Amino acid sequence: MIDERALDSIDWSSMHHAYGAADEVPVWLRDMASPDAETRRKAVSHFYSAVHHQGDVYASTTASLPFLFALADDPATPDRAAIVRLLVSIGAHAVERCGYDYVDGPDYKGSAVVVRERADAFVSYARDDDRLVRRAAIEGLGLFVDDAARAAALLRDRLPAEDGTEERLLVVETTATLALRLPAARDAATAWLDAVASDEAVDPATRLAALVHGARCAPERIVAGTMPRAVGLLRLSTPAPETGTGDGAAGSGTGGCRCTAPEETEAPAEAGRNAPPQVVAAFEDLDRHNRTHSPLTSLLRTFHKVLDFRVADRTALVTEQIASPDPAVRHDAIRMAKELMGAWRGDHSALVTQLAGCLLPGHSYTAAEAAEVLGALSPIAEPAREALAAYVLALRDAHGPEVWAAPCPLLRRAHQQSVMALARLGDMRALPCLLTALDGGVDAWRAVQVAGHLAPAADQLVPRLCRHLTAEDPSSEWADMSTNALLSALARLGDPAAVPAITAMATASARHGQWRTTASALKALAAFGTGAAPALEAVRVLAQADDPSVRTAAAATLWAAEGDPATVVPMLDGLLDGHGNREAADALARIGPPAARALPRLRNMLTADYEWTRAHAASALWDIGGPAEAPVVVRTLLAAWEENDATSNLVLACFDRMGPAAGEALPHVREELTRTRRSGRFRDVGHDEELQRMCRTVLARLS
């Protein structure tokens, strides 16, 4: 039990946590022992959020440790496992960071001392009668026991004592953690892991864990036979379910690993009051993405991390995961496939096709996950097109045209994600579903996100999108979230019929001081070129706005709509000295040689500290000054690219326009195409695929 007198003797108000003074800490510590489960849950949650915020450790955290240990030591404490998990988390972060010098705030050293002094407590917890307490404590044996031989022996003894898969996997993982933390333990730990991996008397999941964590300790020992062994053990660990169908089946079987099947229920995630649906969905996605359904998932993620750049091996592994007879392993593999294809280049068509095979009626939970991933991978998702279309049509046939708004959340999500993925491929078979969404209003914001990909249907989409845009309230604190998506879709569709509605939104948002939305509306108008002429009067007014980003966007729109450099160039030239100068440089670049008066300021921007500023200025220098500027432009762009490869799309686009004048860049372009890790802005699939195409185009032009 907590020593109340000792708890009250501490001046908690003199300490702080992530959100201020630590006065509430004793309340939370007492509440952790409450007989009410919800009170205990909230107390632990508050402690993590404030006193152990994102892994931080404060003086108040250190002061709490004796009381947390007292709670964990007392068999009468409810939810002791939660307390032990908290202690392990605090200790893990403290031990990891205690070697660094922190001037203010953190107290990693103090907490590390306390936790190491109480290492024997974790030895005791790891032998507790409560399986959940043991599970929570095992990691502590590898982190806090500093006698390497003793820690290794404790872990070896735990393996035969545990009969639960999760506990056994933790023992193996912690042995590797010990070996990596204490060099004195490495040889013995690695030999033990090898022995476990080869022992056919040990269950397959534990053998697989030993193989993976042996590779984690020594990645150089991954050889040609490693992957076949791993795949074989994975198959033995995940036999076909004995009963059940669809997403609700759970893996089991002799020698196998019982998994928690994907749930066919969705609990609403917490978001702020009156939050827009996009924010609510983001919370739901975060919750969903943090779930795991198989006890093997953490292990397999570790294996992917260890394999790192071995893309062929990782592809073979995730292919086996998706082909698993266990629905939980299959489901958790989908996001690993996304992470692999999202980070590494290559021909992923077979893996995309395999993901498309997860689009099965009656398996909504997993189908929705697969469709979401295919949508995120749309630049390389072409092999999934027909499977997506077939799934969308099958759901409409089975559940009617209103399936977009189906009352079952899982069915609705599966349908919506599939429609969105299909639309991102520019497939017109998605159109009826988008029209249903825009007409009905249920989750219409999702349809808006992808409507711009269906330009051939602009005559049907634009009136509906304009109706939604007109209904937006520009005074709302969330206005730009939905309005910007509508503006982007209308700009992509390119139908000038949208100009009046966009103009009205630009004016209204400026009236309410919503400058970001105003600038977005002006950029949308610029996309219509001379088709934006009806908006010129309103745009001229906005060109005098207080906000520089709005003035820049207005000037760019004036140029697009009427093409008069005498009016626009002086405005943009003056904006090169302030915030948003990159957008001003881009607008001047579109004007070209008539913007020559801006050349001195653009040259001055080449001395900026920020590589993005230099890159935009150099690109504009070429478009305005031409061949005379080529040497400095190429040097500046190559330097920016070297400093930050996120600039590469901008850099390559300029090299493409330069043609032979960019000949000096050829070695760098060739080198880019030899890389296997994705690059480009945000390092996402779309920008990287575009980058590779531009590299090939530049090479073809200059070679």
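Procedures and definitions
- Residues numbered from 1 in each chain as written.
- Predicted model: local features only at pLDDT ≥ 70, side-chain atom pairs only at ≥ 80, totals over all residues.
- Heavy atoms only, no water.
- Helix = DSSP H or I, 4+ residues; strand = E, 2+ residues; numbered from the N terminus.
- Rg over C-alpha atoms; globule rule 2.2 N^0.38 Å.
- Buried < 20%, exposed > 50% of the residue type's maximum accessible area, 1.4 Å probe, protein only.
- Contact = heavy atoms within 4.5 Å.
- Areas by Shrake-Rupley, 256 points an atom, 1.4 Å probe, with all protein chains shown as cover.
- Lys, Arg positive; Asp, Glu negative; His and termini not counted.
- Charge placed at Lys NZ, Arg CZ, Asp CG, Glu CD.
- Phe/Tyr/Trp six-rings, centres within 6.5 Å; stacked < 30°, edge-to-face > 60°.
- 1 Å grid on protein atoms, 1.4 Å probe; cavity = no way out; pocket = protein on both sides within 12 Å on 5 of 7 lines; lining within 4 Å.
- Points joined across faces, edges and corners; volume = space filled by probe spheres on them.
- Nonpolar A, V, L, I, M, F, W, Y, C, P; charged D, E, K, R; others polar.
- Salt bridge = Lys/Arg side-chain N within 4 Å of Asp/Glu carboxyl O.
- Axes fitted to C-alpha atoms, helices over the stretch in contact; angles between N-to-C directions.
- Parallel < 35°, antiparallel > 145°, perpendicular 65-115°, else oblique.
- Left-handed = near helix turned anticlockwise from the far one by under 90°.
- Expected span 1.5 Å × (residues − 1).
- Bend = angle between axes of the 7 residues up to and from the residue.
- Disulfide = S-S within 2.5 Å.

### Digging into the overall build of the protein
- Secondary structure assignment for the protein yields 37 helices and two strands.
- For 703 residues, the compact-globule estimate of 2.2 N^0.38 gives 27 Å, and the protein sits close to it at 30 Å.
- Seen along its three principal axes, the alpha-carbon backbone of the protein occupies a region of about 80 × 60 × 55 Å.
- Split into buried and exposed, the 703 residues of the protein put 54% on the buried side.
- Sequence-distant contacts, at least 24 apart, represent 65% of the contacts inside the protein between residues at least 6 apart.
- On the protein, roughly 29900 Å² of surface is accessible, and the fraction owed to carbon and sulfur atoms is 52%.
- Within the protein, the 92 negative side-chain charges are centred at a point lying 3 Å from the centre of the 70 positive side-chain charges.

### Observations concerning the packing of aromatic side chains
- This structure, assessed with the given rule, holds four aromatic pairs.
- Aromatic pair Phe122 and Tyr125: ring centres 5.8 Å apart, planes at 80°, arrangement edge-to-face. With Phe122 and Tyr125 both in helix α7 (residues 119-125) and three residues apart, this pair spans about one turn of that helix. Across the pair, exposure class does not vary: Phe122 and Tyr125 are buried alike.
- Centroid distance Phe122 to Phe144: 4.8 Å. Interplanar angle 50°. Geometry classified as tilted. Residue Phe122 is found in helix α7, and its partner Phe144 is found in helix α8 (residues 131-144); the two are separated by 22 residues along the sequence.

### Side note on the layout of surface pockets
- Its volume calculated, the largest pocket comes out at about 640 Å³.
- Val88, Ala92, Glu139, Leu143 and Glu173 are the residues nearest the centre of the largest pocket, which is lined by 17 residues in total.
- Within the residue set of the lining of the largest pocket, elements represented by two or more residues are α5 (80-97), α8 and α10 (165-181).
- With six residues, α5 is the single largest residue contributor to the lining of the largest pocket.
- In the lining of the largest pocket, the residues fall into seven nonpolar, three polar and seven charged.
- Computed from the structure, the second largest pocket encloses a volume of approximately 540 Å³.

### Describing the pattern of salt bridges
- For the structure shown, the criterion picks out 49 salt bridges.
- One salt bridge in this structure joins Glu166 and Arg135, with 3.5 Å as the shortest N-O distance. Separated by 31 residues along the polypeptide, Glu166 in helix α10 and Arg135 in helix α8 bring together distant segments of the chain.
- With a shortest N-O distance of 2.4 Å, Arg221 and Asp194 are connected by a salt bridge. Note that Arg221 is positioned in the loop between α12 (204-217) and α13 (226-237) and Asp194 in helix α11 (residues 186-198), a separation of 27 residues in sequence.
- What makes Arg221 partly exposed here is its relative accessible area of 37%.
- Residue class for Asp194 comes out partly exposed when judged on its relative accessible area of 31%.
- What emerges from the salt-bridge pattern is a single network uniting Arg345, Glu671, Glu672, Arg675, Arg678, Asp688 and Glu689.

### Observations regarding the packing of helix α22 (residues 431-440) against helix α23 (residues 444-451)
- In contact at an axis separation of 8 Å, α22 and α23 are set at 135° when each is read in the N-to-C sense. With respect to their mutual orientation, α22 and α23 come out oblique. Every pair of crossing elements has a handedness; the one defined by α22 and α23 is left-handed. Contacts from Leu434, Ala437 and Leu438 of α22 reach α23 at Ala444, Ala447, Val448, Val450 and Ala451.
- Taken together, the residues of the contact of α22 with α23 sort by class into eight nonpolar, no polar and no charged.

### Side note on the packing of helix α15 (residues 297-307) against helix α17 (residues 327-343)
- Running from N to C, α15 and α17 point in directions that differ by 15°, and their axes come no closer than 11 Å. The angle between α15 and α17 falls in the class roughly parallel. Considering how the two elements wind past one another, α15 and α17 form a crossing that is right-handed. Here α15 contributes Thr297, Leu300, Arg301 and His304 to the contact with α17, which in turn contributes Asp332, Arg335, Met336 and Glu339.
- Of the residues belonging to the contact of α15 with α17, the class tally is two nonpolar, two polar and four charged.

### Some details on empty space enclosed by the protein
- Overall, the coordinates contain two cavities of 30 Å³ or more when judged by the stated rule.
- Taken as a whole, the largest cavity encloses approximately 90 Å³ of empty space.
- Taken together, Arg288, His289, Arg291, Thr292, His293, Thr297, Arg301, His331, Asp332, Arg335 and Glu369 make up the lining of the largest cavity.
- Of all elements in the fold, only α14 (277-289), α15 and α17 reach the threshold of two or more residues within the lining of the largest cavity.
- Each pocket or cavity is described by its volume, and for the second largest cavity that value is around 30 Å³.
- Lining the second largest cavity, in full, are Ala152, Arg156, Thr175, Ala188, Ala189 and Trp192.

### Details of unusual backbone geometry
- Positive phi outside glycine occurs at Asp79, with the angle close to 55°.
- With respect to the secondary-structure elements, Asp79 resides in the loop between α4 (59-73) and α5.
- Residue classification places Asp79 among the partly exposed positions, given a relative accessible area of 42%.

### Topic: α8
- An ideal rise of 1.5 Å per residue puts 20 Å on 14 residues; α8 measures up with 20 Å between its terminal C-alpha atoms.
- The largest bend in α8 is about 30°, located at Ala137.
- All of the buried residues in α8 are Val133, Arg134, Ala136, Ala137, Ile138, Gly140, Leu141, Gly142, Leu143 and Phe144.
- Next to the buried residues of α8 lie α5, α6 (108-117), α7, α9 (148-161) and α10.

### Things to note about the state of the cysteines
- Across all of its chains, the model carries zero disulfides by this definition.
- The thiol of Cys654 is not disulfide-bonded; the next cysteine sulfur, from Cys695, is found 14 Å away.

### Overview of the side chain of Ser89
- Here Ser89 is to be found in helix α5.
- With a relative accessible area of 18%, Ser89 lands in the buried category.
- With near-sequence residues (within four places) excluded, Ser89 lies in contact with Tyr48 and His52.

### So, the side chain of Arg158
- Counting through the fold element by element, Arg158 comes out in helix α9.
- Taking relative accessible area as the criterion, Arg158 reaches 11% and is therefore assigned buried.
- Contacts of Arg158, omitting those with residues within four sequence positions, involve Ala126, Arg127, Arg134, Leu141 and Val171.

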